[in-house]
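Residue-level listing of the chains:
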There are 2 protein chains.
Amino acid sequence: MNTRNAPGALRELQSACPDVEISTEPAVLESHGLDWTRFRDPAPLAVAFPRKLEDVQALVRHACGAGLAIVPSGGRTGLSGGAVAAGGELVVSFDRMRQMLEFDPVDASIRVEAGMTTGAVQEFAAANDLYYPVSFASEGTSQIGGNIATNAGGIRVLRHGLTRERVTGLKVVTGTGAVLECNRGLIKNASGYDLRHLFIGSEGTLGLIVEATLRLERRPPPGKVMLLGLTGLDALMNVFSDLRRTVALSAFEFLTDKALAHVCAGHELSRPLETECPLYVVAEFDCPGDEAEEAALASFERGVERGWLADGIIAQSAAQNAELWRYREGISESITALRPYKNDLSVRISRVPEFLQRMDALVAEIASDYEVVWYGHIGDGNLHMNIIGPEGLGPDEFEARCHEISNRTYALTEEMGGSISAEHGLGLLKSPWLGRARSAAEIEAMRAIKRVFDPAGILNPGKLFPNDG
Amino acid sequence: MNTRNAPGALRELQSACPDVEISTEPAVLESHGLDWTRFRDPAPLAVAFPRKLEDVQALVRHACGAGLAIVPSGGRTGLSGGAVAAGGELVVSFDRMRQMLEFDPVDASIRVEAGMTTGAVQEFAAANDLYYPVSFASEGTSQIGGNIATNAGGIRVLRHGLTRERVTGLKVVTGTGAVLECNRGLIKNASGYDLRHLFIGSEGTLGLIVEATLRLERRPPPGKVMLLGLTGLDALMNVFSDLRRTVALSAFEFLTDKALAHVCAGHELSRPLETECPLYVVAEFDCPGDEAEEAALASFERGVERGWLADGIIAQSAAQNAELWRYREGISESITALRPYKNDLSVRISRVPEFLQRMDALVAEIASDYEVVWYGHIGDGNLHMNIIGPEGLGPDEFEARCHEISNRTYALTEEMGGSISAEHGLGLLKSPWLGRARSAAEIEAMRAIKRVFDPAGILNPGKLFPNDG
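What this report covers is the structure whose coordinates are included nearby. (Residues numbered from 1 in each chain as written. Chains lettered and ligands numbered in written order. Predicted model: local features only at pLDDT ≥ 70, side-chain atom pairs only at ≥ 80, totals over all residues. Heavy atoms only, no water.)

**Looking at the nonpolar core**
- Residues Leu 195 and Leu 236 of chain A together with Leu 195 and Leu 236 of chain B are the most contacted members of the largest nonpolar core, which totals 234 residues.
- In this structure, Leu 236 of chain B is in contact with Leu 230, Phe 252, Phe 254, Leu 279, Val 281, Val 352, Leu 356 and Ile 378 of chain B, ignoring residues within four places of it in sequence. (Core = buried A, V, L, I, M, F, W, Y, C linked by side-chain atoms within 4.5 Å. Buried < 20%, exposed > 50% of the residue type's maximum accessible area, 1.4 Å probe, protein only. Contact = heavy atoms within 4.5 Å.)

As structure tokens, this is what we get:
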């Protein structure tokens, strides 16, 4: 697909879908042709804004017949280029499908259109004395459909699991325009293959998610946040294990001294602790009464005695909880202007320290002039690596060097049984390395499954699978 | 496949897999050709007992080439005939693959061979101060591989989810003998389609599960069990909602007066309450201190005041917890001798009362001389229906009448958006009604996926899919 025949392709599209809002405004092509990755120039053919299931079906059926590539598009907060349209594709945006369709208080579940934001779901749950636990920095903008397509994680996975665990029903339009209603909101359903889980995490390559039924939870007890200063990497798993045994942890996030420096500078925050440490942890635990706080303090004291911890602070109010969270949640935004090369990796939890050590050695060897900012979700084995090039480096050279770092990094995750993407997906940026995450037999099966749901190959081409296949 | 060429087929199998233990002892054919369903006569060609991955591969490769049907076989406690071999199939048993392969205390996970029993996994977890929550009556015999193949549920789903939620890694041999290692024990892994979830619940039709990595949990606080006598069906959801709001429920199971009569007679138990009620509930909640017990008692008193509850008892020791559980857990065994026609259904939780009412009316209309024993997991929308025919009825007539009840029942679950199987799977007994649970488009996709992993169609034919397709 290229844009040379754009006027013809556009006319055909518009006449095939006369009832669907289709925009070719330059500002819309620009905004909806990109996600939060910034390594491509947006160049979609057009952006469609369906308002209902039938609109989506009409768009897909036309695209299937015309061989027109479709890029499904949510809040576009992705970091792997999964929603990038840089080659004359039709972007199908869910911005006009944001409605709450049904609330069932006995089931504690809601049915929503794919364009509802994560934050709106959280707010609806809270207003009904329930809880939607999936939470991350971009939740105000990201949409449920995109969350499901990437199986979004975030800071509460340790306790509450990924988006996958929340989805009890899914309405999907496949690459032929067929509608599948997967699992219909049931908790237990042992009637054949659970297609729902194929679509979760499929990054728009198998179908367009139009509707989801989500399980809400009982509101958890009030939480309390601690910020801990660690003496070094060796202490990390000890602190995690001790705290996990002692209290009901709902988050355990780490950041390095470099990450802390960026977030303090970027958000004009004062340093949270007097002691400077190489590593910090932001942890939250259930605190229904004094007992839990005392237990957490005892764990802290053990950590100090054993030489794991150098300093720490525990919040005394909900406002202080939020203040301490800013040191972790604000990192990503604070380095955006430096255009970091972002990477999102996972290994088994027990292998995190070895992985961090070997990664440090690797970067020191091949890019000692680069700054690496680490943070992430220790309790899930999920690490976010952000590489910042020296000033004055051209973008092409920076990208080439980062490509080399990625090559080495993914060889290491493969060797250590980890994944090249924990929660951002492969998208456009990581698809060339699919073979570092999955075996040849798995990739063959995945391609065959892709052909089942998208025989014309129109759904998000170039994403997830490398283009050469 | 039939057994006319059995001697030749057997010789070929043995010479192709000389290192694998293959039995044709009549007692073994009898025991391993059936599961807990009793509607077929066992007639396998042979039963193979692989000891390692390579044995399984050799068996599958030979079967694939020879067009020999394979029935994967675990603890054979299934209730839908998923492990029945009644037509000259090769049964592949995991009885010799029961080892614990790895325990990772930091990850709180274990890697086990498929033949390890559910109970052995629970015991290993408990011995290491951890918890494996999947629990049901046959856990002492059922195997992990079978649990995964049917996505086993049980009595703790309300809090801890199904087997699906426990599996972080799967090693599978597909219908061509290829080995897939799915997800490798990671918590977060966004690198393409999650094939793991396709195999979970696939009832041996896509591959043989040889190994699994399972996530264990922190041991929950001590639980306390209540047995409640309800005034009627109308009270059921009110009692559930009030109790769920009040305490941290880990189980909420119901049984009818008829179910209670059977369990008391079958296990020589005295009636638990003085008052006779139409409906009973066995509920368990976290009880770390007096506060939770007081809250549960307050909920009970509200139930009495509002006319929902007529009587109740709360356990005062771990031994009493176990005693109260017997009234629920012993039902299935207490009616086995009556050869009930068992059915395992689900609807959304909020629709349970309407479903029970309509089912009662349906059975009264078409089989008023039959006894129906209901029990199940209200908190998951999962109901177990057991139909007992009048004495003196011939088995063929009974089966024919039950078939008619099933036809009407599945039409009702379809109308109410439920499932014809909540946790037992479709197996051989329910596969004819697949179309009542899934749309034509879904079934078409499922058949295409089956061809991807089992192109020769040798894996558990006749199970899950109707034979006519």
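**Concerning the interface of chain B and chain A**
- Taken together, the contact between chain B and chain A spans 75 residues of the former and 75 residues of the latter.
- Between chain B and chain A lies a buried interface of about 5900 Å² when both sides are counted; carbon and sulfur atoms form 54% of it.
- Connecting chain B to chain A are 12 salt bridges.
- Linking Lys 188 of chain B and Asp 380 of chain A is a salt bridge whose minimum nitrogen-to-oxygen distance equals 3.3 Å.
- Inspection of the region where chain B meets chain A yields 49 residue pairs in polar contact (both at pLDDT 80 or more).
- Counting residues per element, the ones that place at least two in the side of chain B that touches chain A are strand S5 (100-104), strand S9 (179-182), helix H7 (196-199), helix H8 (236-246), helix H15 (434-437) and helix H16 (440-453) of chain B.
- Here the side of chain B that touches chain A gets 9 residues from one element, more than from any other, and that element is H16 of chain B.
- Of the residues assigned to the side of chain B that touches chain A, the class counts are 33 nonpolar, 23 polar and 19 charged. (Buried area = accessible area lost by both parts, 1.4 Å probe. Salt bridge = Lys/Arg side-chain N within 4 Å of Asp/Glu carboxyl O. Polar contact = N/O pair within 3.5 Å; in protein donor to acceptor, adjacent residues only side chain to side chain. Helix = DSSP H or I, 4+ residues; strand = E, 2+ residues; numbered from the N terminus. Nonpolar A, V, L, I, M, F, W, Y, C, P; charged D, E, K, R; others polar.)

**Quick word on the sheet that holds strand S8 (residues 167-174) of chain B**
All names here are of chain B.
- Pairing is antiparallel across the open sheet formed by 5 strands, whose spatial order is S5-S6-S10-S8-S9. If you trace the sheet from one side to the other, it starts and ends with S5 and S9, each paired once. The mean angle between the axes of side-by-side strands here comes to 15°, regardless of whether they run parallel or antiparallel.
- One ladder, built from 4 bridges, connects S8 with S9; its direction is antiparallel. Each residue of the ladder has a partner; that of Val 172, found in S9, is Leu 180. (Pairing = 2+ DSSP bridges. Axes fitted to C-alpha atoms, helices over the stretch in contact; angles between N-to-C directions.)

**With respect to helix H14 (residues 395-415) of chain A**
All names here are of chain A.
- Relative to the 30 Å expected for 21 residues at 1.5 Å per residue, H14 spans 30 Å between its end C-alpha atoms, a close match to the ideal helical length.
- Among the residues making up H14, those that are buried are Phe 398, Cys 402, Ile 405, Ser 406, Thr 409, Tyr 410, Leu 412 and Thr 413. Take H14 and look down its axis: the buried residues cluster within an arc of 150°, on one side only. Seen from the open side of H14, the exposed residues pointing more than 90 degrees away from its buried face are Asp 396 and Glu 415.
- Elements in contact with the buried residues of H14: strand S16 (341-346), helix H13 (352-366), strand S18 (382-388) and helix H15 (434-437).
- One or two steps after H14, the chain reaches Gly 417, where phi turns positive at roughly 70°. (Expected span 1.5 Å × (residues − 1). Arc of directions from axis to C-beta.)

**Description of the pairing of S18 of chain A**
Residue and element names in this part refer to chain A.
- With respect to burial, S18 is a largely interior element, 7 of its 7 residues being buried.
- Where burial is concerned, the two faces of S18 agree: the one with Asn 382, His 384, Asn 386 and Ile 388 and the one with Leu 383, Met 385 and Ile 387 are both buried.
- As judged from the 6 bridges shared by S16 and S18, these two strands associate in the antiparallel manner. By the bridge assignment for S18, Lys 342 is matched with Asn 386.
- Judged from the 7 bridges that link them, strand S17 (residues 371-377) and S18 form a sheet pairing that is antiparallel. Paired with Val 372 across the bridge in S18 is Ile 387.
- Once S17 ends, the chain turns through 4 residues before running back antiparallel as S18, passing Gly 381 with a positive phi of about 70°.

**Looking at the packing of helix H13 (residues 352-366) of chain B against helix H14 (residues 395-415) of chain B**
All names here are of chain B.
- Look at H13 against H14: their axes get within 11 Å of each other, and the N-to-C directions meet at 150°. What the angle tells us is that H13 and H14 run roughly antiparallel. Helix-helix and strand crossings are classified by hand; for H13 and H14 the assignment is right-handed. Of the residues in H14, those in contact with Phe 355, Arg 358, Met 359, Leu 362, Glu 365 and Ile 366 of H13 are Arg 401, Glu 404, Ile 405, Arg 408, Thr 409, Leu 412, Thr 413 and Glu 415.
- Across the contact of H13 with H14, the residue classes tally to 6 nonpolar, 2 polar and 6 charged. (Parallel < 35°, antiparallel > 145°, perpendicular 65-115°, else oblique. Left-handed = near helix turned anticlockwise from the far one by under 90°.)

**What about the side chain of Lys 430 of chain B?**
Residues and elements named next belong to chain B.
- Along the chain, the position of Lys 430 falls in the loop between H14 and H15.
- Here Lys 430 sits buried without a salt bridge, and the closest side chain of opposite charge, Asp 344, lies 4.8 Å off (N-O distance).
- Reaching out from Lys 430, the side chain makes a polar contact with the backbone oxygen of Ile 420 at a distance of 2.5 Å.
- Not counting chain neighbours up to four residues away, the residues in contact with Lys 430 comprise Asn 343, Asp 344, Tyr 410, Ile 420, Ser 421 and Gly 425. (Lys, Arg positive; Asp, Glu negative; His and termini not counted.)

**Structural notes on the pairing of S9 of chain B**
- Here S9 of chain B shows a clear split, with Leu 180 and Cys 182 of chain B buried on one side and none of Val 179 and Glu 181 of chain B buried on the other.
- With antiparallel pairing between neighbouring strands as the criterion, S8 of chain B and S9 of chain B make up a hairpin whose turn holds 4 residues, including Gly 177 of chain B at a positive phi of roughly 90°.

**Some remarks on the relation of the copies chain B and chain A**
- In screw terms, the move from chain B to chain A is a rotation of 180° and a rise of 0.0 Å along the axis, fitting with an RMSD of 0.0 Å. Here the transformation between the copies is reduced to the relation of a two-fold axis.
- Looking at the interface residues of chain B, 100% of them are also at the interface in chain A, so both copies use one shared face. (Least-squares fit on C-alpha atoms with pLDDT ≥ 70 in both.)

**Description of the packing of aromatic side chains**
- Following the criterion strictly, the structure yields 14 aromatic pairs over all chains and no others.
- Between Phe 103 of chain B and Phe 124 of chain B, the ring centres sit 5.2 Å apart and the planes meet at 80°, which makes this aromatic pair edge-to-face. Separated by 21 residues along the polypeptide, Phe 103 of chain B in strand S5 and Phe 124 of chain B in helix H4 (residues 118-127) bring together distant segments of the chain.
- Residue class for Phe 124 of chain B comes out partly exposed when judged on its relative accessible area of 23%.
- Between Tyr 410 of chain B and Trp 433 of chain B, the aromatic rings sit 5.1 Å apart at their centres with planes inclined by 75°, giving edge-to-face as the arrangement. With Tyr 410 of chain B in helix H14 and Trp 433 of chain B in the loop between H14 and H15, this pair connects stretches of sequence that are 23 residues apart.
- You can call Trp 433 of chain B buried: its relative accessible area is 8%.
- If you follow Arg 96 of chain A out to its NZ or CZ, it ends over the ring of Phe 49 of chain A, 4.3 Å from the centre. (Phe/Tyr/Trp six-rings, centres within 6.5 Å; stacked < 30°, edge-to-face > 60°. Lys NZ or Arg CZ within 6 Å of the ring centre and 35° of its normal.)

**Examining the environment of Thr 117 of chain B**
All names here are of chain B.
- By the element assignment, Thr 117 lies in the loop between strand S6 (109-113) and H4.
- Sequence separation between Thr 117 and Gly 74 is 43 residues; the distance between their C-alpha atoms is 8.9 Å.
- In this view, Thr 117 contacts Arg 98, Glu 139, Gly 140, Thr 141, Ser 142, Gln 143 and Ile 144; residues no more than four positions away in its chain are not counted.

**Overview of H13 of chain A**
Residue and element names in this part refer to chain A.
- Helix length check: H13, at 15 residues, gives a terminal C-alpha distance of 21 Å against a target of 21 Å (1.5 Å per residue), a fit within 8%.
- What H13 keeps buried is the set Val 352, Pro 353, Phe 355, Leu 356, Met 359, Leu 362 and Val 363.
- On its buried face, H13 is in contact with helix H8 (236-246), strand S13 (249-256), S16, S17, S18 and H14.

**Considerations on the pattern of salt bridges**
- One pass over the full model with this rule turns up 56 salt bridges over all chains.
- Residue Arg 164 of chain A pairs with Asp 194 of chain B through a salt bridge whose shortest N-O separation is 3.3 Å. Placement of Arg 164 of chain A in the loop between helix H6 (157-160) and strand S8 (167-174) and of Asp 194 of chain B in the loop between S9 and H7 is noted, with the two residues assigned to different chains. Note on accessibility: Arg 164 of chain A and Asp 194 of chain B belong to one class, buried.
- The shortest N-O distance in the salt bridge between Arg 159 of chain B and Asp 286 of chain B comes to 3.1 Å. One end of the pair, Arg 159 of chain B, is in helix H6 (residues 157-160); the other, Asp 286 of chain B, is in strand S14 (residues 279-286), with 127 residues separating them in the sequence.
- The exposure class of Arg 159 of chain B is partly exposed, given its relative accessible area of 29%.
- Three or more residues are tied together by salt bridges with common partners; here these are Glu 102, Asp 104, Asp 107, Arg 111, Lys 171 and Glu 211 of chain A together with Arg 348 of chain B.

Keep in mind these values describe shape, not function.
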